[in-house]
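# Structural description and commentary
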Amino acid sequence: MVEYLDAQQAEKLSNQEAFSRLATSETGLSSTEARQRLTQFGRNALEEKKTNSLQKLLSYFWGPIPWMIEVAAILSALVRHWPDFVIIMVLLIFNAVIGFWQEFKAANALEALKSQLALRARVRRDGQWREVDAAELVPGDVIRLRMGDIIPADAKLTEGDYLAVDQSALTGESLPVDKKQGEIAYSGSVAKQGEMAAVVTATGSDTFFGRTAKLVEGAGAPSHFQKAVLAIGDYLIFMSLGLVAILILVQLYRGAPFLELMQFALILTVASIPVAMPAVLSVTMAVGALALSKMKAIVSRLQSIEEMAGIDILCSDKTGTLTQNKLTLGTPEVFGAVDAQGLILAGALASKAENKDAIDLAVIGGLSDPKTLDGYTQTGFVPFDPVGKRTEGHIQGADGKAFKVTKGAPQVILALCQVDASTAARANGVIDALAAKGDRTLGVAQIDEGQNWRFLGILPLHDPPREDSKETIANAEAHGIQVKMVTGDNVAIAREIAGQLGLGKNIQPATALFDGDKKRSQADVADQIDKADGFAQVFPENKYDIVKALQAQGHLVAMTGDGVNDAPALKQADVGIAVSGATDAARAAADLILTAPGLSTIIQAIEGARRIFERMNAYAIYRITETIRIMIFMVAAMLVFNHYPITAIMIIMLALLNDLPIMAISVDNTWLDPKPVRWQMHRVLTLATILGLVGVVETFLLLIIVKVWMVLPIDVIQTIIFLKLSVAGHLTLFVARTRRPMWTRPFPAPILLGAILGTQAIAALIAGFGLLVTPIPWEYIGLIWAYCLVWVVIEDWAKLAVYKHLNQELPRHQSFLKTLGRKLNRHSS
């Protein structure tokens, strides 16, 4: 039976000895053998410790809120209020089941996202290279590692020149370590440069560091939104406790029975505390993230949804995002090559087809006869890296002669060949002419043994804009998002493509911004970056500087990237976006991972995030409004009239009826704000307070009508107030869910409308048939509905007036904040 090799043991063995011990070879395992080993060794992943479902369910009966409900139930039993006891127990079980079910749904949504973010590995099975889930790797598999890959398992390097590996996350080493043949690349480290083949020596928990890289973060640190809503929760709790304390002191002074008063106070407090808030938030974000994944945009950090909703600048890569990334080879410009096909052949020999690189495939595709390559052997290959900006092939011809070929950025190749002034002038003229048409260019050179590099010529590559890019950019601008193009190409190409897309032609070369005049202040550079339509000749490290500069101007910035060196910029951005085909390292650093090319996917994701934000915003307004409405009314009514306006059992039923439909808000239809949205506590608290106070007035007025004018019995009044609070509460949700008149589009989702109508039908039946309450005539039920419908129109009018007032104040606040940001930036520079 084959056994895995630990890292120290594997490093001491020669390549052949390692292959022998692992019962494999350079051609890899067969699919049958791989399946057998997967059964023996298990999946290449650490087993997560999962809490038992029953244990998780029972945890919902333990904590401050459940304790309060449980004490209320015990007090009900002590005073022999058995109907109260039964309903309180129903509330306790209901809260536990709802919390458990919502967490279960959120966990399932996250699992679905994780499965889409699974690492992939290039493995040789049955003699053929293929991609598989990294979790399916087994000891003995032959894999290919290249720049940007997260090493999927412990592996002994067997073929290739070198691999620079970043082990900082595992060992704390700040600089990448150069690995050569025979050395071990550890699971979880990142390939920074180079390309090598390796044989897997250990997987899963058997690896040296005992873990693999994780792409999806859990809901660890709370976002700004969660912090704000939790702060609201604390505020509501303290307000509720303060009002309840006043109520207890006054009622004790009036001689109310202590146990009965404590039971009522506990129930009132529990009903006022936003018990469902954590469940609603987590489900709204998780369900929203799952919906985004269906748009080919996978959220790796749930909290980033809030930042995504507020994005006002999107820095987008040109290639593959704004353009089609379908490169076609144009007419070569021959310098030192024999002819055009000879120039293309040299470029093809400096390529590697199995890497599936778009440029390499375009150059190889330009050969009139691809079989020409069969006469040459590639003995070594140095892949492209963003710093060197070229590839290099080590070649042996059919005659046995060895030579090297290289292709890459023309300026780099011209400098390598040390061409004379006339050749440089001609080459630059060709490059500029092609760039004016939007064509990219590659320089090609060759060196024979004992000779110098010889410049062979220029290969033009055309990458047309995507058909939907121009329309999508216009759509982004309509949504308050400025798109800035970021490209490594020269300024002329960038201007041409930007002009075709309607982006504007103020394209700034990164070299001039970051390596130019050192006398310019940071504030001046930041201002120039803010005004630019795009950036050319950008190195990965420049992306980080661009993001920082834009953030210093008060913007929320999204940055796209695909390479390992883009990771710092993706981390720094408010929303880092790994584009389709990005390296593992870029995906690991990103908040949003695209599985389809193009800018439209990003804009759709931002629109989706704004809708999710609006749902959470609506819930926050609704919850604060209801707490203010119920608590202030209850306490005021008892202080003025010295009797309970509704009974304890009615409060519990209100809590149950209110929590049922609110869970459906996570799938509600929402208004799409045409501008970026950010969490504004002042607006939420102002609106919720006004709506809450309007609710107190309307309920108190009804109490006066039925008690003073109609002189109805107390038990009938309590049923009337119960039904009124139930109906008005859910109608308030219709008011809070949109910033426009509530009867305009978008209309509530059928599931939300159905849940609200269903719970209101139940409330009406309870009041009409006298289920646990004193029955009231059906005419009264109709009049209560009519009364609430009149007042909901008044609430909607009050909402629109508050928003109008707040919107008038907003430009002044924004202007002040932007000016302050610029002053602080100038001060720091």
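A brief report on the enclosed structure follows. (Residues numbered from 1 in each chain as written. Predicted model: local features only at pLDDT ≥ 70, side-chain atom pairs only at ≥ 80, totals over all residues. Heavy atoms only, no water.)

Our next topic: the overall build of the protein chain. A count of helices and strands for the protein chain gives 29 helices and 23 strands. Split into buried and exposed, the 829 residues of the protein chain put 54% on the buried side. (Helix = DSSP H or I, 4+ residues; strand = E, 2+ residues; numbered from the N terminus. Buried < 20%, exposed > 50% of the residue type's maximum accessible area, 1.4 Å probe, protein only.)

Summed over all chains, the structure comprises 24 salt bridges. Between aspartate 448 and arginine 454 there is a salt bridge, and its shortest N-O distance comes to 3.9 Å. For aspartate 448, a relative accessible area of 31% gives the class partly exposed. On the basis of relative accessibility, which here comes to 37%, the residue arginine 454 falls in the partly exposed class. A salt bridge links aspartate 796 to lysine 799, with the shortest nitrogen-to-oxygen separation between them at 2.8 Å. (Salt bridge = Lys/Arg side-chain N within 4 Å of Asp/Glu carboxyl O.)

Turning our attention to the pairing of strand S10 (residues 313-317). Among the five residues in S10, five count as buried, and that is most of the element. Side chains of S10 alternate between two faces, with Ile313, Cys315 and Asp317 and Leu314 and Ser316 buried alike. In terms of strand pairing, S10 meets strand S21 (residues 557-561) through three bridges, oriented parallel. Directly across from cysteine 315, in S21, lies its bridge partner methionine 559. (Pairing = 2+ DSSP bridges.)

This brings us to the packing of aromatic side chains. Inspection of every chain in the model, using the stated rule, returns seven aromatic pairs. An angle of 75° between the planes, with centres 5.5 Å apart, marks the rings of phenylalanine 769 and tryptophan 778 as edge-to-face. Following the ring pairs from residue to residue traces out a cluster consisting of Phe633, Phe641 and Phe700. Taking NZ or CZ as reference, arginine 144 lies 4.9 Å from the ring centre of tryptophan 129, over its face. When the ring centre of phenylalanine 335 is taken as origin, the NZ or CZ atom of arginine 426, which lies over that ring, is 3.8 Å away. (Phe/Tyr/Trp six-rings, centres within 6.5 Å; stacked < 30°, edge-to-face > 60°. Lys NZ or Arg CZ within 6 Å of the ring centre and 35° of its normal.)

With that out of the way, let us pick up the packing of helix H24 (residues 599-641) against helix H27 (residues 714-736). Where H24 contacts H27, the axes come no closer than 9 Å and their chain directions differ by 155°. Considering the angle they form, H24 stands roughly antiparallel to H27. Our pair here, H24 against H27, has a crossing hand that is right-handed. Residue-level contacts link Ala618, Ile621, Tyr622, Thr625, Glu626, Arg629 and Phe633 of H24 to Ile721, Lys724, Leu725, Ala728, Gly729, His730, Thr732, Leu733 and Ala736 of H27. Across the contact of H24 with H27, the residue classes break down as nine nonpolar, four polar and three charged. (Axes fitted to C-alpha atoms, helices over the stretch in contact; angles between N-to-C directions. Parallel < 35°, antiparallel > 145°, perpendicular 65-115°, else oblique. Left-handed = near helix turned anticlockwise from the far one by under 90°. Contact = heavy atoms within 4.5 Å. Nonpolar A, V, L, I, M, F, W, Y, C, P; charged D, E, K, R; others polar.)

Let us now look at the pairing of strand S3 (residues 142-146). Each regular strand displays side chains that alternate between the two surfaces of the sheet. Burial runs high along S3: four of the five residues are buried. Note: strand S1 (residues 120-125) against S3, three bridges, orientation antiparallel. Along S3, the bridge assignment pairs arginine 122 with arginine 144.

Let's shift gears to a nonpolar patch on the surface. Taken together, the side chains of Ile74, Leu78, Leu252, Phe258 and Leu259 define a hydrophobic patch exposed on the protein surface, amounting to about 470 Å² of accessible area. For the nonpolar patch, the secondary structure elements donating two or more residues are helix H5 (64-78) and helix H9 (258-272). (Patch = residues over 30% accessible without salt bridge, like charges linked within 9 Å, V, L, I, M, F, W, Y side chains within 5 Å. Areas by Shrake-Rupley, 256 points an atom, 1.4 Å probe, with all protein chains shown as cover.)

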